[in-house]
Amino acid sequence: MDIRVQDTPFDFGTEAQAFSDAQDGAGAIVTFTGLVRDLPGAPLEVMEIEHYPGMTEKALEKIAQDACARWELSGCLIIHRYGKMRPGDQIMMVATGSKHRKDAFEAAEFLMDFLKSRAPFWKREVTAENTAWVDSKAADEDALSRWEKAQ
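Residues numbered from 1 in each chain as written. Predicted model: local features only at pLDDT ≥ 70, side-chain atom pairs only at ≥ 80, totals over all residues. Heavy atoms only, no water.

(A) View of helix H3 (residues 101-117). Here H3 contains 17 residues, and its C-alpha end-to-end distance of 24 Å stays within 8% of the 24 Å for a straight helix at 1.5 Å per residue. Listed in full, the buried residues belonging to H3 are Asp 103, Ala 104, Ala 107, Ala 108, Phe 110, Leu 111, Met 112, Asp 113, Phe 114, Leu 115 and Ser 117. (Helix = DSSP H or I, 4+ residues; strand = E, 2+ residues; numbered from the N terminus. Expected span 1.5 Å × (residues − 1). Buried < 20%, exposed > 50% of the residue type's maximum accessible area, 1.4 Å probe, protein only.)

Shown next, in the form of structure tokens:
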């Protein structure tokens, strides 16, 4: 397991290759990168992401441990950024390795769903007209319900 919370950008290609190279016996590697997206109507100037150091890393470790307990993984990577980011910037990356693609895909989806809804990050969107905290969305909560049913 490799968990990183950082304010600096990461190189997706370098991270994906290093993760893949470290997966002995894996038959599948799944990666996902989340990007800051612009807002409809009022262009996003900046997304500000805050967190509590220490608490955030422990929460991400727990999410990763849960994924490793549910699926047979050869490895798990979570990188999540904080600070100020602009549209198109990478916010986070998840990578999972497994002998079989189903485990790698499902574990990656699980990690992404829990990171979106349960990881202790707070996001604020800044436009020319407004600054607002991002509320949780019903669709994100709905995505979590399938994992609770699958336990």
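(B) Looking closely at the nonpolar core. Counting residues in each nonpolar core, the largest one holds 32 residues, and the members touching the most others are Leu 60, Trp 71, Ile 78, Val 94, Phe 110, Leu 111 and Leu 115. Those elements that place two or more of their residues in this core are strand S1 (2-6), strand S2 (28-35), strand S3 (44-51), helix H2 (55-70), strand S4 (73-81), strand S6 (90-98), H3 and helix H4 (138-149). Among the elements that line this core, the one with the most residues is H3, at eight residues. Setting aside residues no more than four positions away along its own chain, Leu 111 makes contact with Ile 63, Ala 64, Ala 67, Cys 76, Ile 78, Val 94 and Thr 96. Ala 16, Phe 19, Leu 77 and Ile 79 belong to the second largest nonpolar core, which has seven residues in total. (Core = buried A, V, L, I, M, F, W, Y, C linked by side-chain atoms within 4.5 Å. Contact = heavy atoms within 4.5 Å.)

(C) Layout of the environment of Ala 28. When you line up the elements, Ala 28 lands in strand S2. Separated by 20 residues in sequence, Ala 28 and Thr 8 have C-alpha atoms that sit 28 Å apart.

None of the figures reported here should be taken as evidence of function without further support.
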